[in-house]
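Structural characterization, general
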Amino acid sequence: MEHIGILEGREKQVFEKKGGIETSDIACETSSLSGSVSQRACVFCGSRVVLYPVADAIHIVHGPIGCAAYTWDIRGAVSSGPELHRLSFSTDLQEMDVIYGGEKKLYLSLIELIEQYKPKAAFIYSTCIVGLIGDDIDAVCKKVAAETGIPVLPVHSEGFKGTKKDGYKAACFALMKLIGTGSTEGISKQSINILGEFNLAGEAWIIRKYYERMGIEVVSTLTGDGRIDAVKRAHGASLNVVQCSGSMTSLAKDMEEKYGIPYIRVSYFGIEDMSKSLYDVALHFPEHPEIMEAAKQVVSEEVKKLYPELQKFKKALTGKKAAIYVGGAFKTFSLIKALRSIGMSVVLAGSQTGNKDDYRRLKEMCDEGTVIVDDSNPVELSKFILEKEADLLIGGVKERPIAFKLGIGFCDHNHERKIPLAGFVGMYNFALEVYQSVMSPVWQFAPRKGGNR
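Figured I'd write up the structure that's included with this text. In this text the structure is predicted, and so the values were computed from the model without any measurement.

1. A word on the overall build of the protein chain
- Summing up its helical and strand segments, the protein chain has 17 helices and 14 strands in all.
- Here the C-alpha coordinates of the protein chain stretch approximately 65 × 60 × 45 Å along the principal axes.
- The buried share among the 453 residues of the protein chain stands at 56%.
- Considering only contacts within the protein chain whose residues lie at least 6 apart along the sequence, 75% involve residues at least 24 apart.
- Total accessible area on the protein chain is roughly 19000 Å²; 54% of this is exposed by carbon and sulfur atoms.

2. Section: helix α13 (residues 329-341)
- A rise of 1.5 Å per residue sets the reference length of α13, with its 13 residues, at 18 Å; its end C-alpha atoms lie 19 Å apart and thus fit the reference within 8%.
- By the criterion of burial, α13 is predominantly enclosed, with 11 of the 13 residues buried.
- For α13, the full list of buried residues reads Ala329, Phe330, Lys331, Thr332, Phe333, Ser334, Leu335, Ile336, Lys337, Ala338 and Leu339.
- Gly343 sits one or two positions beyond α13 and adopts a positive phi of about 85°.

3. Some points on the environment of Gln243
- Within the element layout of this structure, Gln243 appears in the loop between β8 (239-242) and α10 (245-259).
- Taking the relative accessible area as the measure of exposure, Gln243 reaches 7% and is therefore buried.
- For the pair Gln243 and Phe269, spaced 26 residues apart in the sequence, the C-alpha separation amounts to 9.7 Å.
- Each residue touching Gln243, except ones within four places of it in the same chain, is listed here: Leu195, Gly196, Glu197, Val266, Ser267, Tyr268, Phe269 and Phe330.
- Of note is the side chain of Gln243, whose polar atom sits 3.1 Å from the backbone nitrogen of Tyr268.

4. Brief notes about the sheet that holds strand β11 (residues 345-351)
- If you walk across this open sheet you meet the 6 strands as β1-β12-β11-β10-β13-β14, and the pairing is mixed. The open sheet has two edge strands, β1 (14-16) and β14 (409-412), and neither has a second partner. Strand-to-strand twist in this sheet, taken as the mean axis angle between neighbours without regard to direction, amounts to 15°.
- Against the sheet, α13 contacts β10 (321-326), β11 and β13 (392-395), and its axis sits at roughly 165° relative to β10.

5. What to know about the packing of helix α4 (residues 103-117) against helix α6 (residues 137-148)
- Between α4 and α6, whose axes approach to 10 Å, the crossing angle comes to 30°. Comparing their axes, α6 and α4 come out roughly parallel. For the pair α4 and α6, the crossing hand works out as right-handed. Of the residues in α6, those in contact with Glu103, Leu106, Tyr107, Leu110, Ile111 and Ile114 of α4 are Ile137, Val140, Lys143, Val144, Glu147 and Thr148.
- Split by residue class, the contact of α4 with α6 holds 8 nonpolar, 1 polar and 3 charged.

6. A short note on the packing of aromatic side chains
- Across all of its chains, the model carries 9 aromatic pairs by this definition.
- Aromatic pair Tyr210 and Phe424: ring centres 5.4 Å apart, planes at 70°, arrangement edge-to-face. Pair noted here: Tyr210 is in helix α8 (residues 203-213) and Phe424 is in helix α17 (residues 423-438), with a separation of 214 residues, a long-range link. Taken as a pair, Tyr210 and Phe424 share a single burial class, namely buried.
- Taken together, a centroid distance of 6.1 Å and an interplanar angle of 75° make the contact between Phe404 and Phe410 edge-to-face.
- The class for Phe410 is buried, based on a relative accessible area of 5%.
- Counting every residue linked through ring pairs, the aromatic cluster contains Phe313, Tyr428 and Tyr435.
- The ring of Tyr125 is capped by Arg48, whose NZ or CZ atom sits 5.1 Å from the centre of that ring.
- It is Lys143 that lies over the ring of Tyr107; its NZ or CZ is 4.5 Å from the centre.

7. Considerations on the sheet that holds strand β3 (residues 89-90)
- One open sheet accounts for 4 strands, arranged β3-β2-β4-β5; its pairing is parallel. The open sheet terminates on both sides in strands that have one partner only, identified here as β3 and β5 (152-155).
- On the sheet, helix α1 (residues 43-51) packs against β2 (57-62), β4 (121-126) and β5 and is oriented at approximately 165° with respect to β4.
- On top of the sheet, α6 reaches β2, β4 and β5; it is set at about 165° to β5, its chief contact.

8. As for the pairing of strand β7 (residues 217-223)
- With 6 of 7 residues buried, β7 lies mostly within the body of the structure.
- Here 6 bridges tie strand β6 (residues 191-197) to β7, and the two strands are oriented parallel to one another. Across the sheet, Asn193 pairs through a bridge with Ser220, a residue of β7.
- Note that the unit made of β6, α8 and β7 has a crossover that is right-handed.

Thresholds applied
- Residues numbered from 1 in each chain as written.
- Predicted model: local features only at pLDDT ≥ 70, side-chain atom pairs only at ≥ 80, totals over all residues.
- Heavy atoms only, no water.
- Helix = DSSP H or I, 4+ residues; strand = E, 2+ residues; numbered from the N terminus.
- Buried < 20%, exposed > 50% of the residue type's maximum accessible area, 1.4 Å probe, protein only.
- Contact = heavy atoms within 4.5 Å.
- Areas by Shrake-Rupley, 256 points an atom, 1.4 Å probe, with all protein chains shown as cover.
- Expected span 1.5 Å × (residues − 1).
- Polar contact = N/O pair within 3.5 Å; in protein donor to acceptor, adjacent residues only side chain to side chain.
- Pairing = 2+ DSSP bridges.
- Axes fitted to C-alpha atoms, helices over the stretch in contact; angles between N-to-C directions.
- Parallel < 35°, antiparallel > 145°, perpendicular 65-115°, else oblique.
- Left-handed = near helix turned anticlockwise from the far one by under 90°.
- Nonpolar A, V, L, I, M, F, W, Y, C, P; charged D, E, K, R; others polar.
- Phe/Tyr/Trp six-rings, centres within 6.5 Å; stacked < 30°, edge-to-face > 60°.
- Lys NZ or Arg CZ within 6 Å of the ring centre and 35° of its normal.
- Right-handed = clockwise from strand over helix to strand, strands pointing away.

Following this line, the structure appears as structure tokens:
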């Protein structure tokens, strides 16, 4: 394994930090190299990731059943009420539909489902095959919306036409059609929208409570525990607070242009960034100093409870090494800080959708010898984990088998986890999971590949 090379055409997307050596920007925001078996998801998956948590809408995948199965219950995305989002509907296109078109099938499916489930809206996802046969889903959506009286929104997410980021944009474009169609009556001037928080394990509820303790009204969370009526009135908020920048920055920019709502980027992972997220929102309302005072009070109370607990984990984890490969680079920044706070260093850092600014910042943050990768693949990740002797891999569902096959700990920081990792309580959960995984006695029975433990 130590002799594995980098595929020709991938060299510029891999960087190792070495002191004193001037380097050009890392290549990024490009299509995946053919044959590299990228860890990155397709356009369709990107759109499903963003819209899936809207719990009172029906989501119909217009395409083969495999596309629906691939994204069925794609995230935890817990709901405090309806759970329509957890049902996976598909038009299940077959050979005859490919020949003669699937518009009629889509129309009948929509009418039947809307009559049965009475949703607040419907999202219709185009898949690769729909892009090839040319079904006019816009016309079908327009017709059904007129007949049923609910928003029926096409999501042009044909998988072949770009990267996961293009799926994010397609989803944001659909959300923009809803925003601005509801009443803003009664919304406070001290109000925000939370963008890019998907409530995988209840994080949106935790974050919302912090802001409410500061006297801030949360108009809408896009899209965790999402509701169509809340999305419709999101244009009434005074500030957009963007957590997952890769997926939601385009929506924040569109809302700024159309409604004049400014936005800030934040992260809710780790003590440092969680605290900054509260302070940055408070700074947006300088005419209300009591909001900043409340933010300081929240941070003081939470850190006072958390800090002593973290020191116990730090004692055991100091000197251990971590590899990070996640969707958005902004999360990587927070994870590096969070790992340092419990004594761990980062030897590999990468993302699926980072941009040049993200990677410049990663270069500044990372220690000497750290490998930075964009749009990586299982072989590359394995190679660098072995070479750098990482004790832990932080990633998502596709990275989990890599860690276990190599005999190292794993922390799911994406789709499938069941415990919240955001907020101050999330930092405790994160440290606990890292500790339990890295220090587990199971590794004596499954020794690390290619190195000594």
